[in-house]
Amino acid sequence: MGDVLAGFQTVWEFDTDSVLIRFERGIRTPKLLQTLGERRIPYEALSGVELTPGKRGTVVLRAVPRPGADPLMDAAGGQLKEAYDPYRLVLPAERETLADYYAEQIRAVLGPDAGIPAEAYLVTVPQAPLSFKAYDGKASFDGKAISFRWFWTGASSAKWKAGDQRFRIEELTGVEWRSPESRGSAGTAPKEGSAKGGSVAGGSAKDATAKDATAKDGTARNGTARNGTARNGTARNGTGKGSPKGDGHGHLRLLRRSAEDQPAGRPDQDPAAVVFGMGYGLVHQSLPFAAAVLEAIQVSAPVPCAEGAPSPARAAAPRRDPADIAERIRHLGELHTAGLLTDDEFSAKKAELLAEL
């Protein structure tokens, strides 16, 4: 087409095989769109296009992505607010005729597979290295593995006992991302019968909606649940402080091949998950991270071993900084002093850390 259609905070540039969507940088542009910067969307990644009335004298032109074509939308799992949708172009109402013309042009170039889920991702996402701070730890992705490093002020004692985590892409089947702007507590578990992940490689699963962790049989008389959960569903951690309270909390959970048959537990207790909170794990930080991991999982899908053949050797973990090891041992000592670790647990974990030097 070779044309340009400019809307509010967004510009679409049409090419023969794709549309380049550019997002302006400014205080009115959502941070997620600023982070994305621009995205080239092949027409084969679309299933259709819609033109609908907008608010306050506007019209909205929206390209509809094919399921399985965009890891960002798969990771989002339908949780994005309209303003964050990278496929929306808002225009003044007087440009409706022009918008309708471009909608017809896009429909004309859609292929015969437009209504079929894509077999592989067709839209690129931000590339590694990527990292963000969650409430209870820092998540990092170097392109080959995801690392979780726990924060003393936010991580639960269960995560401290497990230690910092590193997951190779080959060990994962998908990602479960729950928006930090969703309602519910960070320390709650998915509803019974919900899908394993809010988002998985190759397509979106059902939203893993959380329940309140305040069951009668789990709440002690003093208002604290026997499993360490407060009456309002907030998790306790090694410092005695609670996990984030109130609305606006989600999580990022890595779905592991070794745990496919195991029920999903509470994210604040799961070493394969980081918990979001007010100001931690924001959409523009955690969602591109989740999308990049999904894309890497699909690209690196393991080839099944022949029957009787040995499994591939596990990659050796990188050697840690001695100062980091010393800091971790100090934290473990504080947990031990506080009575949150037994003598045997403290000794075993200390030995593991020293072995990494």
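Residues numbered from 1 in each chain as written. Predicted model: local features only at pLDDT ≥ 70, side-chain atom pairs only at ≥ 80, totals over all residues. Heavy atoms only, no water.

## Some points on helix H5 (residues 283–299)
Part 1 of the reasoning: With 17 residues, H5 should cover 24 Å at 1.5 Å per step; its first-to-last C-alpha distance of 24 Å lies within 8% of that length.
Part 2 of the reasoning: Of all 17 residues in H5, 14 are buried; the element is thus mostly enclosed. (Helix = DSSP H or I, 4+ residues; strand = E, 2+ residues; numbered from the N terminus. Expected span 1.5 Å × (residues − 1). Buried < 20%, exposed > 50% of the residue type's maximum accessible area, 1.4 Å probe, protein only.)

## Focus: the layout of surface pockets
Part 1 of the reasoning: Its volume calculated, the second largest pocket comes out at about 700 Å³.
Part 2 of the reasoning: Put simply, the parts of the chain that give the lining of the second largest pocket at least two residues each are strand S5 (46–53), strand S6 (58–65) and strand S7 (88–92).
Part 3 of the reasoning: Its residues assigned to classes, the lining of the second largest pocket shows 7 nonpolar, 5 polar and 8 charged. (1 Å grid on protein atoms, 1.4 Å probe; cavity = no way out; pocket = protein on both sides within 12 Å on 5 of 7 lines; lining within 4 Å. Points joined across faces, edges and corners; volume = space filled by probe spheres on them. Nonpolar A, V, L, I, M, F, W, Y, C, P; charged D, E, K, R; others polar.)

## Side note on unusual backbone geometry
Part 1 of the reasoning: The peptide bond linking alanine 128 to proline 129 adopts the cis configuration, its omega dihedral lying at 5°.
Part 2 of the reasoning: Mapping proline 129 onto the fold places it in the loop between helix H3 (96–109) and strand S8 (130–133).
Part 3 of the reasoning: In this model, glutamine 9 sits at a positive phi of 65°, which is unusual for a non-glycine residue.
Part 4 of the reasoning: In this structure, glutamine 9 sits in the loop between strand S1 (4–6) and strand S2 (10–14).
Part 5 of the reasoning: If you check the backbone angles, arginine 56 has positive phi at about 55° while not being a glycine.
Part 6 of the reasoning: Tracing the backbone shows arginine 56 in the loop between S5 and S6.

## Points about the sheet that holds strand S3 (residues 18–23)
Part 1 of the reasoning: The strand order S1-S2-S3-S4 describes an open sheet built from 4 strands, whose pairing is antiparallel. One side of each edge strand has no neighbouring strand; the edge strands of this open sheet are S1 and strand S4 (38–42). Strand after strand, the sheet turns through a mean of 15° between neighbouring axes, direction not considered.
Part 2 of the reasoning: As paired elements, S2 and S3 share 5 bridges and run antiparallel to each other. Bridge pairing links threonine 10 to phenylalanine 23 in S3. (Pairing = 2+ DSSP bridges. Axes fitted to C-alpha atoms, helices over the stretch in contact; angles between N-to-C directions.)

## What about the pattern of salt bridges?
Part 1 of the reasoning: A full pass over the atoms with the stated rule returns 14 salt bridges.
Part 2 of the reasoning: A salt bridge links lysine 81 to glutamate 181, with the shortest nitrogen-to-oxygen separation between them at 3.2 Å. Residue lysine 81 is located in the loop between helix H2 (71–76) and S7, and its partner glutamate 181 is located in the loop between strand S12 (172–178) and strand S13 (199–200); the two are separated by 100 residues in the primary sequence.
Part 3 of the reasoning: The residue arginine 88 makes a salt bridge to glutamate 82 at a minimum N-O spacing of 3.7 Å.
Part 4 of the reasoning: Of the residues examined, arginine 88 reaches a relative accessible area of 17% and is grouped as buried.
Part 5 of the reasoning: In this structure, a network of salt bridges that share partners links the residues Glu176, Arg253, Arg256 and Asp270. (Salt bridge = Lys/Arg side-chain N within 4 Å of Asp/Glu carboxyl O.)

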